[in-house]
Amino acid sequence: MDRILIAPSILSGDFAHMGDAVRSIESWGGDLIHCDVMDGMYVNNMTFGMPMIADIKKIAKLPLDVHLMITEPERYIDRFIDAGADYLTFHPDASKCPLETLKQIRSRGVRAGIVFNPNVPFYDYAELLLDCDIVLIMSVYAGLGGQAFIPDSLKKVEQAKQYITEHQLNMPIEIDGGVNEQNAKDIINSGVSILVAGSAVFKSKDPSKTIKQLKGEA
Ligand code: DX5
Ligand code: ZN
């Protein structure tokens, strides 16, 4: 089994103290810094854009896992890469040219991936996995932290796992939304190796312990 990575989301941090959130994630034993970019179009909320990513990059030791919830992400790919994204994922249903966008990301040496919202059937975009380095399955509707995990999303994980195996691909499956100490084991057993966690980590009394629990180490 792949090593389990935890990607705490700074969406649950204090936006007036983002540097502290990043340093905390690193001291708690997180593996990736998950950055949720929302544009008020593809999703209702707005968060932050390239300048925030660029400033986080200056202080972060861990790789930046940038999740774009924006309309026509192709317009901004180069600028997020210039800002320092190490992983760059986007929603294919928000893009006019998802295949070209994946190729554009990869051509810059950054890990590229697509994200499936709960209402987007896996087979609508499965073929794009041939050009991905990672696939992200949403276990809540993108747009808000602190929502409840949708159990059916594990069926999509199963479909992705099967497709990856059948096509002899080699990529991690990431999950995002409502992940906590109670459901992490089932998630990992279903084939996920990167777990995004916002509230579970940031609202924990002992975030280091929570990260270990999410990994199944405590
Ligand atoms: C939701 C975001 C998630 C969110 C997860 O749109 O993509 O990354 O921060 O937060 P929790 O873990 O609280 O569901
Ligand atoms: Zn996210």
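Above this text sits the structure in question.
These numbers come from a predicted model, not from an experiment. (Residues numbered from 1 in each chain as written. Chains lettered and ligands numbered in written order. Predicted model: local features only at pLDDT ≥ 70, side-chain atom pairs only at ≥ 80, totals over all residues. Heavy atoms only, no water.)

Under the defined criterion, the tally for this structure stands at ten salt bridges. A salt bridge links Lys215 to Asp31; its shortest N-O distance comes to 3.0 Å. Within this pair, whereas Lys215 is found in helix α9 (residues 207–215), its partner Asp31 is found in the loop between α1 (18–28) and β2 (33–38), the two being separated by 184 residues in sequence. Residue Lys215 shares its accessibility class with Asp31, and that shared class is buried. We note a salt bridge from Asp86 to Lys57, for which the minimum N-O separation is 2.8 Å. With Asp86 in the loop between α3 (77–83) and β4 (87–90) and Lys57 in helix α2 (residues 50–59), the pair connects residues that are 29 residues apart, well separated along the chain. Judged by relative accessible area, which is 31%, Lys57 ranks as partly exposed. (Salt bridge = Lys/Arg side-chain N within 4 Å of Asp/Glu carboxyl O. Helix = DSSP H or I, 4+ residues; strand = E, 2+ residues; numbered from the N terminus. Buried < 20%, exposed > 50% of the residue type's maximum accessible area, 1.4 Å probe, protein only.)

Applying the stated criterion to the full structure yields five aromatic pairs. A centroid spacing of 5.8 Å and a plane angle of 55° characterise the contact between Phe15 and Phe48, whose relative ring orientation is tilted. Of this pair, Phe15 sits in the loop between β1 (5–8) and α1 while Phe48 sits in the loop between β2 and α2, placing them 33 residues apart in sequence. Here Phe15 falls in the partly exposed class, since its relative accessible area comes to 39%. Here the aromatic rings of Trp28 and Phe202 are separated by 5.3 Å at their centres, their planes lie at 75°, and the arrangement is edge-to-face. Of this pair, Trp28 sits in helix α1 while Phe202 is found in helix α8 (residues 199–202), placing the two residues 174 residues apart along the sequence. (Phe/Tyr/Trp six-rings, centres within 6.5 Å; stacked < 30°, edge-to-face > 60°.)

What follows deals with the coordination of the zinc ion (ligand 2). With distances of 2.0 to 2.3 Å, the protein atoms coordinating the zinc ion (ligand 2) are His34 (NE2), Asp36 (OD), His67 (ND1) and Asp176 (OD). Bound by six donor atoms, the zinc ion (ligand 2) shows angles of 69 to 169° at the metal and therefore octahedral coordination geometry. Mapped onto the polypeptide sequence, the residues donating to the zinc ion (ligand 2) form the spacing pattern H-x1-D-x30-H-x108-D. Linking His34 in strand β2 with His67 in strand β3 (residues 64–69), this pair joins segments that are 33 residues apart in sequence. Pair check on accessibility: His34 and His67 agree, each one buried. (Donors = N, O, S within 2.8 Å, 3.2 Å for Na, K, Ca; no water. Tetrahedral: all angles 85-135°; square planar, octahedral: opposite > 155°, others 65-115°.)

Bringing the layout of surface pockets into the picture now. Space inside the largest pocket adds up to approximately 270 Å³. There is about 200 Å³ of room inside the second largest pocket. Of all elements in the fold, only α6 (153–166) and α7 (184–189) reach the threshold of two or more residues within the lining of the second largest pocket. In terms of residue count, α6 provides more of the lining of the second largest pocket than any other element does, three residues in total. Taken together, the residues that form the lining of the second largest pocket break down as eight nonpolar, five polar and two charged. (1 Å grid on protein atoms, 1.4 Å probe; cavity = no way out; pocket = protein on both sides within 12 Å on 5 of 7 lines; lining within 4 Å. Points joined across faces, edges and corners; volume = space filled by probe spheres on them. Nonpolar A, V, L, I, M, F, W, Y, C, P; charged D, E, K, R; others polar.)

A word on the site of ligand 1. Surveying the vicinity of ligand 1 reveals 20 residues, the closest of which are Asp36, Gly143, Asp176, Gly198 and Ser199. In this structure, Ser9 approaches ligand 1 through a side-chain N or O atom, which is 3.1 Å from an oxygen atom. Residue Ser199 places a side-chain N or O atom 2.3 Å away from an oxygen atom belonging to ligand 1. Notes on ligand 1: free accessible area 380 Å², of which the protein chains cover 99%. When each cavity is represented as a set of grid points, ligand 1 is found to reside in the largest pocket. For the shell around ligand 1, the residue count by class is eight nonpolar, ten polar and two charged. (Near = heavy atom within 4 Å. Polar contact = N/O pair within 3.5 Å; in protein donor to acceptor, adjacent residues only side chain to side chain. Areas by Shrake-Rupley, 256 points an atom, 1.4 Å probe, with all protein chains shown as cover. Sits in = over half its atoms within 2 Å of the grid points.)

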